[in-house]
Amino acid sequence: MAASLRGVGRMFCGTCSVFLRDVRKGCSTSRKTWTQTGFPCLMSTKLLHSTRPSWCENAASETLAAASRYKDAPWEYLQSEEYTERYGSNPVWSGYRRNHKGGIPPQKTRKTCIRGDKICGNPCPICRDPNIIVHYQNVKLLKQFISPHTGNVYDPTRTGVCMKQQKQLNGAIEAARDHGLLAFHVPHVEFSGEDYSNAHAAVGRTPPAPSLQAGEPWYPWYQRTEPDQLQLAKVRKLYRAYLK
């Protein structure tokens with residue numbers, strides 16, 4: 001028994017000396033050698049934890065496939081169960097509140113939430129969900145940012161959307177209206193028959209050449225009219241400093 005313990009002690013001391021020598025030399029494989037020689041069971045445990053289970057790879061592949069599908073057809077995300085579980089029947093900006101200092105909120109939203117690879121804290125309702133993509137065919141998303149009573153686009157201070165996403169929203173809404181995907185209100189204009197009448201001689205047929213006399217114009221409305229002297233005096237008094 002004493003001989004076996006003495007042998008184990010020699011092996012352990014030899015392993016420790018090898019490890020310390022490699023550390024002094026700066027060798028990166030010292031820990032690997034020490035683990036393989038002294039404690040081979042730890043090597044198997046490390047390999048066991050380093051192997052990635054198959055279900056993780058399947059979940060990652062499904063996530064990438066869903067992201068690519070929503071990128072090609074962003075309107076499908078608003079019809080998915082994931083969107084319903086997260087937002088329900090509320091718009092994406094419902095309940096959003098931006099973190100700010102003090103009791104008075106800022107009058108303008110931030111310029112952008114994503115700068116390069118950095119995402120700011122508490123991003124806007126569109127930037128916080130990567131599956132939400134602004135597109136003119138994503139009508140269900142665009143309707144959430146339009147007032148159903150007036151047809152105007154909501155101000156970003158109400159929805160909390162950053163200025164970059166608000167600019168993309170305005171362009172997508174205009175494109176959707178141009179393609180006929182969104183209805184918009186056309187203001188009513190009163191029709192005036194006098195504005196479109198051709199009874200006036202200036203827009204009607206050219207009259208025959210009259211028997212002109214000296215100094216008489218071709219059309220009667222070309223005659224020189226004398227302005228009102230009272231109005232002329234008011235104008236001269238008003239622009240006296242500018243008249244030469």
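These notes cover the structure that comes with them.

Calculation criteria
- Residues numbered from 1 in each chain as written.
- Predicted model: local features only at pLDDT ≥ 70, side-chain atom pairs only at ≥ 80, totals over all residues.
- Heavy atoms only, no water.
- Core = buried A, V, L, I, M, F, W, Y, C linked by side-chain atoms within 4.5 Å.
- Buried < 20%, exposed > 50% of the residue type's maximum accessible area, 1.4 Å probe, protein only.
- Helix = DSSP H or I, 4+ residues; strand = E, 2+ residues; numbered from the N terminus.
- Contact = heavy atoms within 4.5 Å.
- Disulfide = S-S within 2.5 Å.
- Phe/Tyr/Trp six-rings, centres within 6.5 Å; stacked < 30°, edge-to-face > 60°.
- Lys NZ or Arg CZ within 6 Å of the ring centre and 35° of its normal.

A word on the nonpolar core
Here is step 1: Ranked by size, the top nonpolar core spans 26 residues in total, and within it Val92, Ile126 and Phe145 carry the most contacts.
Here is step 2: Contributing elements (two or more residues each) for this core: helix H5 (81–87), helix H6 (139–143) and helix H8 (163–178).
Here is step 3: Broken down by element, this core gets its largest block of residues, four residues, from H8.
Here is step 4: Non-local contacts of Ile126, meaning those with residues more than four positions away in its chain, are made with Ile132, Val134, Phe145, Val161, Gln165 and Leu169.

Notes on the environment of Pro106
Here is step 1: With respect to the secondary-structure elements, Pro106 resides in the loop between H5 and strand S1 (114–115).
Here is step 2: You can call Pro106 partly exposed: its relative accessible area is 37%.
Here is step 3: Between the C-alpha atom of Pro106 and that of Thr157, which follows or precedes it by 51 residues, the distance is 8.4 Å.
Here is step 4: Discounting chain neighbours no more than four positions away, the residues touching Pro106 are Arg98 and His100.

Some details on the state of the cysteines
Here is step 1: Under the criterion given, the structure shown has zero disulfides.
Here is step 2: Unpaired in this structure, Cys113 has its nearest cysteine sulfur neighbour in Cys124, at a distance of 3.7 Å.
Here is step 3: A residue is classified by how much of its surface remains accessible, and Cys113, at 2% relative accessible area, is buried.
Here is step 4: Left without a disulfide partner, Cys124 is nearest to the cysteine sulfur of Cys127, which lies 3.4 Å away.

Focus: the packing of aromatic side chains
Here a ring pair, both rings aromatic, is described through the centre-centre distance and the interplanar angle of the planes.
Here is step 1: This model, assessed by the stated rule, comprises five aromatic pairs.
Here is step 2: Look at Trp93 and Tyr154: their rings are 5.7 Å apart centre to centre, the planes differ by 70 degrees, and that puts the pair in the edge-to-face class. Taken together, the residues span a long stretch of sequence, with Trp93 in the loop between H5 and S1 and Tyr154 in the loop between H6 and helix H7 (156–159) at a distance of 61 residues. For the residue pair Trp93 and Tyr154, the accessibility class agrees, reading buried in each case.
Here is step 3: Feature note: the residues Tyr70, Tyr77, Tyr83 and Tyr87 constitute an aromatic cluster, connected by ring pairs.
Here is step 4: In this structure, Arg158 packs its charged tip against the face of Tyr154, placed 4.3 Å from the ring centre.

Looking at unusual backbone geometry
Here is step 1: Of note, the phi angle at Asn122 is positive, near 55 degrees, even though the residue is not glycine.
Here is step 2: Among the secondary structure elements, Asn122 is positioned in the loop between strand S2 (118–119) and H6.

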